[in-house]
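Now for the letters of each chain:
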Amino acid sequence: MSDHRTLTAPTDMPHRAQPGAGLTVRTIETPSLGDRSYLVHDGEVAFVVDPQRDVDRILGILETDGVRLTHVFETHIHNDYVTGGLALARATGAAYLINADDKVSFERTPIHEGDIVGIGGRMRVRAIHTPGHTFTHMSYALTDVDEPVAVFTGGSLLYGATGRPDLLGPDHTDTLVRHQHASAHKLAETLPDETEVYPTHGFGSFCSATQSEAPESTIGHEKRANPALTQSEEEYVRDLLAGLGAWPAYYVHMAPANSAGPSAPDLRLPEKADAVELRRRIEAGEWVVDLRTRTAFAAGHAPGTLNFGLDGAFSTYLGWLIDWGTPLTLLGETAAQVAEAQRELVRIGIDRPAAHATGGPEQWSSGVPVSFPTATFADLEQVRHHREVVILDVRRTEEYASARIRDAVNVPIHELPRRIADVPPGEVWVHCAAGYRASIAASFLDAAGRSLVAVDDQFENAAKAGLDVVGPES
């Protein structure tokens, strides 16, 4: 819409937008998972779409804006995070609206295709069945009195993309991808071009088929730019399915948790552990995770600890790699870092870490901290002239296929914990696309006693450094 605007806000606060005079949309970002939740109000009453598990963020906005929550809408039973919808509804007395066809084990307000929910004196929300990401997926079109202003599309129509159709298994993928195409057209044909689009996925989430950098969009813009609306059904199906890669292993636990009705999370710090206790946990096969940056970890860490820095996609990769149910201990420089990690983890259903410790590797090690070197692709190019090394590429299979260093061994990061033995003997130089995944991999290799160097560099610099990069995109 012509009067849409996004105001500058502090980094710890959600964006504020105005889809219509007197209506406010608050966008609650969860960058680590690539998702957004939304709070909409008219200055008195509010509704929320697809709330994340840590609902204290939303409760804080309600208090700051001085509005009362009356309705919570779910677009679908989520596969990439644990919802806060039930806990939020119980905390506020709001109605909790989920597709009537979704099988859940708690009381909720069932909603059907075409139902219109009145909220306050002006807002009307209409349910539109948009299968594709799931079979029961709903989108919600908002009108201000009689003026269409916005649509909340969940995992249906995203910015320049659509949600993945393959998360329910290969038996359903072909049917769902065709539903996605039809649902996108349904939205485009029934809503005005100026309608603002507010998706839940598409900002880094693996629930999105592809990614876009767009911060906002409208139905009209998507008609011109979204493959689901510019391609024929067969072209769209072919291209989308060809581009799908692996998705995080923890996704299989999310829908069952959401169908069971997640409670409010417990964000209290777990018990403290000293160096002796940390060593006992490591030797027992538990995960002791260092939350510091990859640079700090490489320079010194407690032997056997694993590095999942809070400065990257922490919860996505930890949830992807860990055997579900493995006891987890968090190491942070401060209690605030540990609390931040807990908040990230409850969003994917890892509710209570076994223990925590603060300080640094000197406090976490029973003996002397250990370290490993880091380097650039230019360093790798030079060292190959002097001695033979193993180049380990831990990017996803599709990344490796598109462009790779000649003779590099590919073990995708999400497979590495179970495939350490597949890494050839010798000195290992491990890399990814930008350094974050390489540090995770390096911590596993280091814990396994391998001699290694972590490449902390952008992959685009490999060819510039003179390394032989091969593949269709090289």
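Residues numbered from 1 in each chain as written. Predicted model: local features only at pLDDT ≥ 70, side-chain atom pairs only at ≥ 80, totals over all residues. Heavy atoms only, no water.

Novice: Looking at this structure, I do not really get the overall build of the protein. What am I missing?
Specialist: For the protein, the count of helices and strands is 16 helices and 25 strands. Its C-alpha atoms put the protein at 70 × 50 × 40 Å along the principal axes. In the protein, buried positions account for 56% of the 474 residues. By sequence separation, contacts in the protein at least 24 residues apart represent 67% of the contacts at least 6 residues apart. Carbon and sulfur atoms provide 50% of the accessible area of the protein, an area that totals close to 18,600 Å². Measuring between centres, the 40 positive side-chain charges of the protein sit 2 Å from its 65 negative side-chain charges. (Helix = DSSP H or I, 4+ residues; strand = E, 2+ residues; numbered from the N terminus. Buried < 20%, exposed > 50% of the residue type's maximum accessible area, 1.4 Å probe, protein only. Contact = heavy atoms within 4.5 Å. Areas by Shrake-Rupley, 256 points an atom, 1.4 Å probe, with all protein chains shown as cover. Lys, Arg positive; Asp, Glu negative; His and termini not counted. Charge placed at Lys NZ, Arg CZ, Asp CG, Glu CD.)

Novice: So what exactly am I meant to see when it comes to the packing of aromatic side chains here?
Specialist: For the coordinates displayed, the defined rule picks out 17 aromatic pairs. Measuring from centroid to centroid gives 5.5 Å for Trp287 and Phe444, while their planes differ by 65°, and the two rings are edge-to-face. Of the two residues, Trp287 sits in strand β15 (residues 287-290) while Phe444 sits in helix α15 (residues 436-447), which places them 157 residues apart along the sequence. Take Phe444: its relative accessible area is 10%, and that puts it in the buried class. Taking 5.8 Å as the distance between ring centres and 10° as the angle between the ring planes, the aromatic pair formed by Tyr317 and Trp320 counts as stacked. With Tyr317 and Trp320 both in helix α10 (residues 314-321) and three residues apart, this pair spans about one turn of that helix. Accessibility assignment for this pair places Tyr317 and Trp320 in one class, buried. Ring pairs connect the aromatic residues Tyr38, Phe47, Phe73, Tyr140, Phe152 and Tyr198, which therefore count as one cluster. A cation over an aromatic ring shows up here: Arg36 above the ring of Phe203, its NZ or CZ 3.9 Å from the ring centre. (Phe/Tyr/Trp six-rings, centres within 6.5 Å; stacked < 30°, edge-to-face > 60°. Lys NZ or Arg CZ within 6 Å of the ring centre and 35° of its normal.)

Novice: Can you walk me through the sheet that holds strand β14 (residues 217-218) in this structure?
Specialist: Whenever strands of a sheet pair, they do so through backbone hydrogen bonds, lying parallel or antiparallel. If you walk across this open sheet you meet the six strands as β9-β10-β11-β12-β13-β14, and the pairing is mixed. Edge positions in the sheet fall to β9 (116-119) and β14, since each of these pairs with one other strand and no more. Alignment of β9 against strand β10 (residues 123-129), held across four bridges, turns out to be antiparallel. Across the sheet, residue Ile119 finds its bridge partner in β10, namely Met123. Where helix α3 (residues 170-190) meets the sheet, its contacts fall on β10, β11 (138-144) and β12 (147-154), and the angle it forms with β10 comes to roughly 145°. (Pairing = 2+ DSSP bridges. Axes fitted to C-alpha atoms, helices over the stretch in contact; angles between N-to-C directions.)

Novice: What should I look at first to understand the sheet that holds strand β24 (residues 452-455) in this one?
Specialist: Strands sit in the order β19-β24-β23-β20-β22 across an open sheet of five strands; the sheet is parallel. If you trace the sheet from one side to the other, it starts and ends with β19 (374-375) and β22 (409-410), each paired once. When strand β20 (residues 390-393) meets strand β23 (residues 428-431), the two strands line up parallel, connected through four bridges. Within β23, the residue paired with Asp393 across the bridge is His431. In the packing of α15 onto the sheet, the strands contacted are β20, β23 and β24, and the crossing angle to β23 comes to about 150°.

Novice: Sorry if this is basic, but what is going on with the nonpolar core here?
Specialist: Within the largest apolar cluster, 50 residues are counted, with the highest numbers of intra-cluster contacts made by Trp287, Phe308, Phe314 and Leu318. Top contributing element to this core by residue count: α15, with seven residues. What Trp287 contacts, discounting residues up to four positions off in sequence, is Leu306, Phe308, Leu318, Leu321, Ile322, Thr326, Pro327, Leu328, Thr329 and Phe444. The next biggest cluster of nonpolar side chains, apart from the first, holds 40 residues, and it includes Leu23, Val45, Phe152 and Leu191. (Core = buried A, V, L, I, M, F, W, Y, C linked by side-chain atoms within 4.5 Å.)

The values are spatial; any link to function lies outside them.
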